[in-house]
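The residues making up each chain are set out below.
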Amino acid sequence: MAYRFLHTADIHLDSPLRTLALRNPELSEFIGLATRRAFVRVIDLCLEEQVDALILAGDLYDRDQTSMKTARFLAEQLQRLHTAGIRAFIIRGNHDALSKITAELIMPDSVKVFGAASEVVSIDRAPGGFPVAIHGLSFAKPHAPESLLKHYSLPVPDAVNIGVMHTSLGGSEKHDLYAPCSVADLQQSGFRYWALGHIHKRSIIEHPSSTIVMPGMPQGRDINEDGRKSVSLVTVRDDRSILIEERQTSVAQFDRLVVDVSRADDWKDLIGDIASKLEELRSNTASDHLVARIQITGRSKLAWRIRRDLDLLRTEMETRGSIIGKTWIDKVQSTCSAPEQAGVQSGALEELATIMDGEVSGSPAYRNELRNVADELRGQLPAELRDIFGADEQAFESILSSFTREGSANVLARLRGGEGE
């Protein structure tokens, strides 16, 4: 009489694209629908595995969405579970705390959306099956600066207690602190399994008394959510031990491809080297589609031409991606540099490079003007895109320095023209 459920989080249904790099309309449309397609896969997996329940640990939506198209889509998918006799347990996280859809949508009777006060649902099981209790608590507001653990009910005696929580735990890179709590506190809570959400990277912490799982997200939305995306298929065995199986769900996988072109002798070799690495990456990608950001590195006599003709290089890679199949190019970047030469460099361009690196980029007037331009651009962006200029002052200054270096290198590449070909 095992109890089986699918654990996922951070769906961010129909969330807006968060990158300016997706300029290809066809690619933008495809990625824009990817969260829906991945959610359909989650429901399909529930039906195929005949699980007892779906547990969704927050951020089903992305902010205060009011689209009835999203509502109808969700209702249709949850109805599929209801028809199959599969229950769904949902909490709200920081992104969907204020979602009008969650508050107003009439869910099937088999769907439990936990409120801002802790609740416990006892599962009716067939005779001989161990009792199961599912505990949940939703965010009442988008911010939860303190731990929510103290608000959860005590474990139900003799039952397998499953806690559903949206939390940053002790913190993670790229994630703000939300409802922080320690792993030790969760392990000592008396809950057999903690179904967490919020951090988009998968992690599992197993302990004799408690298993703590952050399932990641079922579908990435941009290059900052790169890599394999999946859900957790969980079985609580008869002896109450836990079996966790990872199941891939993403329809498109974002990945970074770094290619060292130091050995390329000419433009044809360069294209061949990059295309070969792209094909290798595609063959190792489990998702239906690959969206790659290509970073070209190394010392090459082609460095100037690479910078000058990045647009042509991207077109070449898009063509190769089309030949490979279901392979898209998000962006092509270069950090290539020219080979070191013996002796002291001379010439007008080298002198200009020295001036740009020293007198210009280091001057207060230039930095102030650069900040003003960046601030103006940032102010014109929608809120969800503004972090591309950095989430704090230190990151902002670092990004400005990066823009300066890249801009100087690109200017010199275009001035140099055909030199180095």
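Refer to the structure above for everything that follows.
Residues numbered from 1 in each chain as written. Predicted model: local features only at pLDDT ≥ 70, side-chain atom pairs only at ≥ 80, totals over all residues. Heavy atoms only, no water.

J.: Please explain the overall build of the protein as it appears in this structure.
T.: Broken down by element type, the protein carries eleven helices and 15 strands. Across the 421 residues that make up the protein, the buried fraction comes to 49%. (Helix = DSSP H or I, 4+ residues; strand = E, 2+ residues; numbered from the N terminus. Buried < 20%, exposed > 50% of the residue type's maximum accessible area, 1.4 Å probe, protein only.)

J.: How do you make sense of a negative patch on the surface when you look at a structure like this?
T.: A contiguous patch of negative charge, built from Asp265, Asp266, Asp269 and Asp273, is present on the exposed surface. Along the polypeptide, Asp269 turns up in helix α6 (residues 267-283). (Patch = residues over 30% accessible without salt bridge, like charges linked within 9 Å, V, L, I, M, F, W, Y side chains within 5 Å. Areas by Shrake-Rupley, 256 points an atom, 1.4 Å probe, with all protein chains shown as cover. Salt bridge = Lys/Arg side-chain N within 4 Å of Asp/Glu carboxyl O. Lys, Arg positive; Asp, Glu negative; His and termini not counted. Charge placed at Lys NZ, Arg CZ, Asp CG, Glu CD.)

J.: Could you clarify how one ought to interpret the packing of aromatic side chains in this entry?
T.: We describe a pair of aromatic rings using the distance from one ring centre to the other and the angle between the two ring planes. Enumeration over the complete set of coordinates arrives at seven aromatic pairs. Ring centres of Phe191 and Trp194 lie 4.6 Å apart, and the angle between their planes is 15°; this geometry places the pair in the stacked category. Residues Phe191 and Trp194 agree in their burial class; the two are buried. Site record: aromatic cluster; members linked through ring pairs are Tyr3, Phe5 and Tyr193. In this arrangement the basic side chain of Lys112 is found over the ring face of Phe114, its NZ or CZ atom lying 5.7 Å from the centre. (Phe/Tyr/Trp six-rings, centres within 6.5 Å; stacked < 30°, edge-to-face > 60°. Lys NZ or Arg CZ within 6 Å of the ring centre and 35° of its normal.)

J.: Explanation requested: the sheet that holds strand β13 (residues 252-260) in the structure shown.
T.: In any sheet, the strands associate via hydrogen bonds between backbone groups, in a parallel or an antiparallel arrangement. An order of β13-β14-β15 is seen for the three strands of this open sheet, with the pairing classed as parallel. The sheet is open, and its two edges are formed by β13 and β15 (327-334), each paired on a single side. Looking at each pair of strands side by side, their axes are set apart by 20° on average, direction ignored. Sheet analysis places β13 next to strand β14 (residues 289-297), joined by nine bridges and oriented parallel. Bridge pairing links Val259 to Ile296 in β14. Of the strands in this sheet, β14 and β15 are in contact with helix α8 (residues 310-324), which crosses β15 at around 155°. (Pairing = 2+ DSSP bridges. Axes fitted to C-alpha atoms, helices over the stretch in contact; angles between N-to-C directions. Contact = heavy atoms within 4.5 Å.)

J.: Would you take a moment to explain the sheet that holds strand β12 (residues 242-248) for this structure?
T.: Strand order in the open sheet made by the six strands is β4-β3-β2-β1-β11-β12, with mixed pairing throughout. The strands lining the two open edges of the sheet, one partner per strand, are β4 (111-113) and β12. Taking each pair of neighbouring strands and ignoring which way they run, the sheet shows an average axis angle of 20°. Where strand β2 (residues 53-57) meets strand β3 (residues 87-91), five bridges bridge the pair, whose relative direction is parallel. Within the sheet, the bridge partner assigned to Leu56 lies in β3 and is Ile90. Set on the sheet, helix α2 (residues 34-49) makes contact with β1 (3-8), β2, β11 (230-236) and β12; between it and β1 the angle comes to about 175°.

J.: Even after reading the chapter, I still don't get the environment of Val183, so can you show me in this structure?
T.: With respect to the element layout, Val183 can be found in helix α5 (residues 183-187). Exposure remark for Val183: the relative accessible area of 25% places this residue in the partly exposed category. With 27 residues separating them in the primary sequence, Val183 and Ser210 have C-alpha atoms 9.9 Å apart. If we ignore the near neighbours within four places in the chain, the residues touching Val183 are Leu169, Ile205 and Ile212.

J.: Sorry, what's going on with helix α10 (residues 364-380) here?
T.: What sets the pattern is the α-helix's 3.6 residues per turn: residues three or four places apart point alike. Here α10 is 17 residues long and its end C-alpha atoms lie 25 Å apart, about the 24 Å a rise of 1.5 Å per residue gives. Taken together, the buried positions of α10 are occupied by Arg367, Leu370 and Ala374. Mapping the buried residues of α10 onto a view down its axis gives an arc of 65°, with all of them on the same face. Opposite the buried face of α10, by more than 90 degrees, sit the exposed residues Pro364, Ala365, Glu376, Gly379 and Gln380. (Expected span 1.5 Å × (residues − 1). Arc of directions from axis to C-beta.)

J.: How do you make sense of unusual backbone geometry when you look at a structure like this?
T.: Peptide bonds are, in most cases, trans, and in most cases residues other than glycine have a negative phi. Although it is not a glycine, Gln50 sits at a positive phi angle of roughly 50°. The class for Gln50 is exposed, based on a relative accessible area of 66%. Positive phi, normally seen in glycine, also occurs at Lys326, with a value near 55°. Tracing the chain through its elements places Lys326 in the loop between α8 and β15.

J.: So what exactly am I meant to see when it comes to the pairing of β14 here?
T.: Regular strands place their side chains on alternate faces of the sheet. By the criterion of burial, β14 is predominantly enclosed, with nine of the nine residues buried. Both faces of β14 are covered, namely the face carrying His289, Val291, Arg293, Gln295 and Thr297 and the face carrying Leu290, Ala292, Ile294 and Ile296. Crossover β13 to β14 through α6 is right-handed. Where β14 and β15 come together, seven bridges link them in parallel fashion. (Right-handed = clockwise from strand over helix to strand, strands pointing away.)

J.: Any chance you could explain the environment of Ile223 here in plain terms?
T.: Residue position: Ile223 is located in the loop between β10 (211-214) and β11. Counting along the chain gives 108 residues from Ile223 to Lys331, while the straight-line C-alpha distance between them is 9.6 Å. Residue contacts for Ile223: discarding those within four places in its chain leaves Phe254, Asp255, Arg256, Arg293 and Asp330.

J.: Even after reading the chapter, I still don't get the side chain of Ser110, so can you show me in this structure?
T.: Note that Ser110 resides in the loop between α4 (100-104) and β4. Each residue touching Ser110, except ones within four places of it in the same chain, is listed here: His82, Ile86, Arg87 and Ala88.

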